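Each chain, letter by letter, is given below.
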Amino acid sequence: MSTPMSESVALCPQQQVALKALQRATTFAQACRQVTLHIQGELDVPRLQRAVAALPELHPELTARLQTVPGFHGLRWCPGADRAPLALAAHLSALPAEALEQQRQAWLDSPFSLTQGPWAQALLLRLDQTHWQLTLAVASVLVDGPGMGLLAEGLITLYRAPDTRQDEAAGCFEQYLQWRAETAIDEDAGQAQRYWHDHLQGEASGHARLAYRLGDSRGTPVQRVQVALDPALKAGLQGRAAALQVAMPALLQAAWWALLGRVSDQPAFLAQWRHDGREDYDYFAQSAGVLEKALPVQVRIDESQRFDAWVSAFAALAAQHVTWQEYWAAAPDQALPALGFAAVREYCVDAPSGWRLEQVAQGADGCELMLQVQLSAPGECKALALDFLP
């Protein structure tokens, strides 16, 4: 694997998709991903400011910028292009909830451009004497959803132990980009292209739409409903997955597609699976870059097939998708399927008492209905969250 020596690297396909959206963005809210930390209790604000300022040293993805480079086409990833400390905008006076939300919205509505940014910002609001809300927002082309969870963990680590430094043995996102570019021309590229071509061929199936969608949803805020799994239901699901010898996320994804096929009355449709490559690469597990991909899933349900057989067949398909994931490259302007699935790891499990992470519902670009299975650090299913456009 290449060492991180380059002055610039080509963007990976998932960044190209994010870049397409950023080119249309006029406000920071349209350009960024967000995580929010709710903090109950005493807070050392100067200590927090130092932790925020040091976050780019722990996660150098925050120092990269997209720039044109002579001799190359389009924008490229330029590591270390902006090494300025990350600033924290802190409002230390407690205000009514409505006034605080207005401040937060004004902060998010600040102008954004690819040339001027902003690329990363942090905002601290005080809800009452002992309740704080810290929002971290980063341009989506720099960090993906799981990466935002890693940034929140890094911030907590720096607050607790200010001398923490980046693990030099861990892979950085720049190395991933170099490796990803090399896969396009390696000896497996032809076989991989045939795999994705064959998967998307066959019986014609469009993007499934659900009956409740009444009109154009562009610009509509994503909403979320979430339920924790009952212990008895969780035990039952774990037992079913074990009996079928499949992972819990594969069982739930197969069930989700079967349900959507039934309620949409479309046994064949194209969907998207938001898969985080960190689950497969220990070397890049702590990289807060853009490793989550929207893999296409051509769902074809045989209504005469038993559910257990469908689960086993789908689990085998999902394993093949993981094998060839780095070779999938959707066109940046290609519309994503409206129905999606993701398995999301739990972050900040060792947060101080009174600290709680909330990842803002954002959904995937063009996705109207996204089921997210929320997993504990050991991989147990804890809750289900549905992000949707009303």
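Here the structure is a predicted model, which means the values were calculated and not measured.

What counts, and where the lines are drawn
- Residues numbered from 1 in each chain as written.
- Predicted model: local features only at pLDDT ≥ 70, side-chain atom pairs only at ≥ 80, totals over all residues.
- Heavy atoms only, no water.
- Helix = DSSP H or I, 4+ residues; strand = E, 2+ residues; numbered from the N terminus.
- Buried < 20%, exposed > 50% of the residue type's maximum accessible area, 1.4 Å probe, protein only.
- Contact = heavy atoms within 4.5 Å.
- Polar contact = N/O pair within 3.5 Å; in protein donor to acceptor, adjacent residues only side chain to side chain.
- pLDDT = per-residue confidence, 0-100.
- Pairing = 2+ DSSP bridges.

1. Concerning the environment of Arg 180
Of note, Arg 180 is situated in helix H6 (residues 173-183). Judged by relative accessible area, Arg 180 falls into the buried class, the value being 9%. On a C-alpha basis, the gap between Arg 180 and Pro 46 in space is 40 Å, while along the polypeptide they are 134 residues apart. Beyond its immediate sequence surroundings of up to four residues, Arg 180 is in contact with Cys 12, Pro 13, Glu 326, Tyr 327, Trp 328 and Ala 329. Polar side-chain contacts of Arg 180 include one of 3.4 Å to the backbone oxygen of Trp 328.

2. A few points about the side chain of Ser 140
You can see Ser 140 is positioned in the loop between strand S6 (131-139) and helix H5 (145-160). Of the residues examined, Ser 140 reaches a relative accessible area of 12% and is grouped as buried. The contacts of Ser 140, once residues within four sequence positions are left out, are Ala 18, Leu 22, Ala 31, Cys 32, Arg 33 and Val 290.

3. Here we look at the confidence of the model for the chain
When pLDDT is averaged along the chain, the result is 89; 91% of the residues meet or exceed 70. For the chain, per-element mean pLDDT is lowest for strand S11 (residues 355-359), which scores 86, and highest for helix H10 (residues 307-323), which scores 97. Note that residues 1-5 has pLDDT below 50 and, in this model, 14 contacts with residues that lie over four places away or in other chains.

4. A short note on the pairing of strand S5 (residues 120-128)
For S5, the buried fraction is high: 7 of the 9 residues fall into the buried class. Bridge count between strand S4 (residues 88-91) and S5: 4 bridges; the pairing is parallel. Directly across from Ala 89, in S5, lies its bridge partner Leu 123. Taking the residues that link successive antiparallel strands as the turn, the S5-S6 hairpin has 2 residues.

5. Notes on the side chain of Gln 272
Tracing the sequence through the fold places Gln 272 in strand S8 (residues 268-276). Reaching out from Gln 272, the side chain makes a polar contact with the backbone oxygen of Pro 337 at a distance of 3.0 Å.

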